[in-house]
There are 2 protein chains.
Amino acid sequence: MTNRVSEILNIKKPIIQGPMSWVTNAEFVAAVSNAGGLGFLGPNAGQVDITRSPEISAERMRTEIQKTKSLTNNPFGIPVIVNRDLAYTWPLIETVIDEKVPVVLVNDTLDERIFKPLKENNIKIVYRPLTPTIENAKAAEKFGVDVYVATGFDEGGTVPERVIGTFSIVPMIVDAIDIPVMAAGGIGDVRGVRAAFALGAEGVFAGSVFIPTKENPAAEKVKHMIVDATAEDLLLFRTLPAYYRSLPTKLANKLVEMDKQGASREETAQLMRGSIGMRIGMLEGNTDDGYISIGTGITPIKEIRTVKEVVDTLMQDFN
Amino acid sequence: MTNRVSEILNIKKPIIQGPMSWVTNAEFVAAVSNAGGLGFLGPNAGQVDITRSPEISAERMRTEIQKTKSLTNNPFGIPVIVNRDLAYTWPLIETVIDEKVPVVLVNDTLDERIFKPLKENNIKIVYRPLTPTIENAKAAEKFGVDVYVATGFDEGGTVPERVIGTFSIVPMIVDAIDIPVMAAGGIGDVRGVRAAFALGAEGVFAGSVFIPTKENPAAEKVKHMIVDATAEDLLLFRTLPAYYRSLPTKLANKLVEMDKQGASREETAQLMRGSIGMRIGMLEGNTDDGYISIGTGITPIKEIRTVKEVVDTLMQDFN
């Protein structure tokens with residue numbers, strides 16, 4: 001069984017493992033691609049510390065890309081994080097082209113300067129805005145995006161600015177554009193995959209479900225916390241740019257309390273310390289000072305499995 | 001095609017039209033039941049003003065029940081609103097038993113005194129808590145509830161206290177209990193129905209999709225506003241008990257602004273004036289002083305149809 005997403009991305013099963021910050025590396029990503037999905041190296045893939053240099057950052061990614069290529073012959077991707085001044089973007093684009101990475105993920109910004117070199121090198125573009133809208137879906141289609149990811153509020157971490165669940169956002173976007181749409185947010189088992197397709201998606205984009213796997217670099221403690229948790233346990237609080245969802249940690253509880261007491265989004269964001277708070281929580285398993293981004297689809301996850309078991313189970317309808 | 005929900009409720013198609021305040025009446029509810037679903041008279045069904053007398057309130061409901069019975073031979077239901085002191089509850093229960101209404105909807109409270117007379121009279125009980133939880137689902141099952149409605153945050157009006165979308169809440173509840181679960185929140189077209197079933201639901205509970213119908217007593221202006229709106233247009237603000245979702249009205253915009261400025265839930269609730277604000281908005285079409293409860297599943301609704309057309313389209317897989 002193939003469809004537009006599997007054909008465009010040249011994969012067997014139309015599933016993308018989301019490029020989560022910190023909790024990806026070559027072994028993990030190659031396992032997803034070897035299982036027939038599309039693995040994605042995320043920001044800080046394979047790293048344990050942060051560099052502020054765009055060039056060093058790109059070189060670290062190059063090393064991880066080469067390692068991934070040594071572990072799989074199947075396609076995989078990296079995110080071309082588009083931030084304000086594009087400082088990190090150019091070295092990453094050069095690396096992608098040099099290393100012939102077949103797929104990239106572009107976030108909010110639609111910029112001709114970024115799209116041109118990617119398209120010229122026949123690199124497939126998955127576009128995933130923070131907040132899916134009819135407007136940015138139509139704009140993405142015009143820009144030549146290959147696949148659009150419609151993320152619902154069921155996801156973890158930095159959730160969309162508009163509180164529209166996966167159930168409602170997917171058909172809305174599917175009706176707005178002709179390019180294939182993948183559903184993100186709340187994909188926890190095969191029922192979620194079937195529902196995504198019923199809603200009109202042609203693929204699924206999953207993050208949380210891949211963290212409690214043997215190959216994932218997240219702390220063992222975090223994997224067990226996910227297995228033991230349900231959607232009811234998750235905390236939601238206001239921060240920049242909108243809301244954040246985390247497993248309960250001492251820091252996350254404090255952020256919820258601050259939000260209730262009327263703290264500004266800037267104040268909660270400052271306490272989160274951006275990517276550092278995520279590294280401390282997810283990679284180091286420090287549930288005092290870090291947070292743990294997880295979506296509401298995790299309830300059915302009851303054991304730590306291999307990546308292949310996760311892909312096989314989720315995509316059992318695709319053979 | 002039958003399933004547990006259609007058998008328990010003695011209906012052809014496993015769909016319940018939610019008992020929405022103000023915007024139901026005998027003609028509308030009978031149309032749903034005649035189309036093979038389960039119509040529900042809502043609070044203030046067929047009324048244009050409020051009475052503070054529990055007895056008069058129950059008598060008004062009795063009149064509407066009798067009118068509904070004159071218009072359909074199929075089952076329909078009424079909600080037995082369980083409020084703090086049960087003042088409105090007893091006269092309603094007497095009316096339900098007197099009039100042999102086959103199905104009731106019970107909201108949050110699970111109270112032996114309420115369940116006993118209903119069960120003794122073989123009245124089917126649909127239980128729909130504001131916030132579905134594993135705990136209240138298990139408790140409802142023990143109490144002898146016949147059908148549990150799992151409402152996701154995709155719904156309109158007073159949404160659940162926990163921000164868990166329909167996509168995530170349905171499988172969570174399905175896994176917790178053995179009685180049949182219906183999905184509510186975001187059912188806008190047949191894709192939503194198929195997705196609900198894919199997630200494990202055995203029926204759907206829909207509100208917003210039934211408002212822009214020829215038979216619904218909502219103001220024509222409101223029906224056209226729904227047809228013209230997408231999920232992106234909806235406003236969400238904090239109030240009692242948690243959050244509220246409305247189409248944009250002058251009042252709703254003001255409530256969003258108050259929430260942003262740090263107003264308390266009590267303050268926004270006071271300005272909403274409870275059921276009165278809904279009557280003014282939805283029944284009278286006053287978009288200055290009222291609000292209009294609508295869920296995020298409305299995007300695919302593009303025209304005003306008959307109730308039968310809505311039921312036939314949503315439930316096209318059930319014949």
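Residues numbered from 1 in each chain as written. Chains lettered and ligands numbered in written order. Predicted model: local features only at pLDDT ≥ 70, side-chain atom pairs only at ≥ 80, totals over all residues. Heavy atoms only, no water.

An unreviewed UniProt entry lists chain A under the name Probable nitronate monooxygenase, from Paenibacillus xylanilyticus.

Asker: For the relation of the copies chain B and chain A, give the residues involved together with the corresponding values.
Answerer: Note on the identical chains: chain B maps onto chain A by a rotation of 180° and an axial translation of 0.0 Å, with an RMSD of 0.0 Å. Between the two chains, the operation in question is that of a two-fold axis. Taking the C-alpha atom as reference, chain B places B:Ala195 closest to the rotation axis, 2.1 Å from it. Comparing interface residues between copies, 100% of those in chain B also lie at the interface in chain A; the contact surface is shared. (Least-squares fit on C-alpha atoms with pLDDT ≥ 70 in both. Contact = heavy atoms within 4.5 Å.)

Asker: Tell me about unusual backbone geometry, and name the residues and values.
Answerer: Note that the residue after A:Leu240, namely A:Pro241, is joined by a cis bond; omega there is -5°. Note on placement: A:Pro241 falls in the loop between strand E10 (235-238) and strand E11 (243-246). Its identity is not glycine, yet B:Asn122 carries a phi of approximately 55°, on the positive side. By the secondary structure assignment, B:Asn122 is in the loop between helix H5 (112-120) and strand E5 (124-127). The class for B:Asn122 is exposed, based on a relative accessible area of 57%. (Helix = DSSP H or I, 4+ residues; strand = E, 2+ residues; numbered from the N terminus. Buried < 20%, exposed > 50% of the residue type's maximum accessible area, 1.4 Å probe, protein only.)

Asker: Tell me about empty space enclosed by the protein, and name the residues and values.
Answerer: Evaluation of the coordinates by the stated rule reveals three cavities of 30 Å³ or more. As for the largest cavity, its lining consists of A:Gly186, A:Gly188, A:Asp189, A:Gly192, A:Thr296, A:Gly297, A:Thr299, A:Pro300, B:Phe167, B:Ser168, B:Pro171 and B:Met172. If you add up the space inside the second largest cavity, you get close to 50 Å³. As for the second largest cavity, its lining consists of A:Phe167, A:Ser168, A:Pro171, A:Leu199, B:Gly186, B:Gly188, B:Asp189, B:Arg191, B:Gly192, B:Gly297 and B:Pro300. (1 Å grid on protein atoms, 1.4 Å probe; cavity = no way out; pocket = protein on both sides within 12 Å on 5 of 7 lines; lining within 4 Å. Points joined across faces, edges and corners; volume = space filled by probe spheres on them.)

Asker: Pulling in residues and values, what's your account of the interface of chain B and chain A?
Answerer: Counting residues at the interface gives 37 residues for chain B and 37 residues for chain A. Between chain B and chain A, a total of about 2,800 Å² is buried, with carbon and sulfur atoms accounting for 60% of that surface. It is B:Phe167, B:Arg191 and B:Glu232 in chain B that bury the most area against chain A; as a group they hold 29% of the surface buried on that side. In this assembly, chain B and chain A are joined by four salt bridges. Here A:Arg162 and B:Glu232 are joined by a salt bridge, their closest N and O atoms 3.7 Å apart. (Buried area = accessible area lost by both parts, 1.4 Å probe. Salt bridge = Lys/Arg side-chain N within 4 Å of Asp/Glu carboxyl O.)

Asker: Tell me what's going on with the sheet that holds strand E2 (residues 39-40) of chain A, and back it up with residues and numbers.
Answerer: Residue and element names in this part refer to chain A. Here we have eight strands laid out as an open sheet, ordered E1-E9-E8-E6-E5-E4-E3-E2, and parallel in their pairing. Each having just a single partner strand, strand E1 (15-17) and E2 make up the two edges of the open sheet. Where strand E5 (residues 124-127) lies against strand E6 (residues 147-151), two bridges are found, and the strand directions are parallel. Across the sheet, the residue bridging to Tyr127 is Tyr148, located in E6. (Pairing = 2+ DSSP bridges.)

Asker: Quick rundown of the environment of B:Asp111? Include the residues and the values.
Answerer: Residues and elements named next belong to chain B. Take Asp111: it is sitting in the loop between strand E4 (103-106) and H5. Other than its neighbours up to four places away in sequence, Asp111 contacts Leu86 and Phe143. Looking at Asp111, its side chain comes within polar contact range of the side chain of Arg113, at 2.7 Å. (Polar contact = N/O pair within 3.5 Å; in protein donor to acceptor, adjacent residues only side chain to side chain.)

Asker: Pulling in residues and values, what's your account of the sheet that holds strand E6 (residues 147-151) of chain B?
Answerer: Residues and elements named next belong to chain B. Reading across the sheet, the eight strands line up as E1-E9-E8-E6-E5-E4-E3-E2 and stay open at both edges, with parallel pairing between neighbours. Edge strands, defined here as strands with exactly one partner in the open sheet, are strand E1 (15-17) and strand E2 (39-40). In the packing of helix H4 (residues 89-98) onto the sheet, contacts are made with strand E3 (76-80) and E4, and the angle to E3 comes to roughly 160°. (Axes fitted to C-alpha atoms, helices over the stretch in contact; angles between N-to-C directions.)

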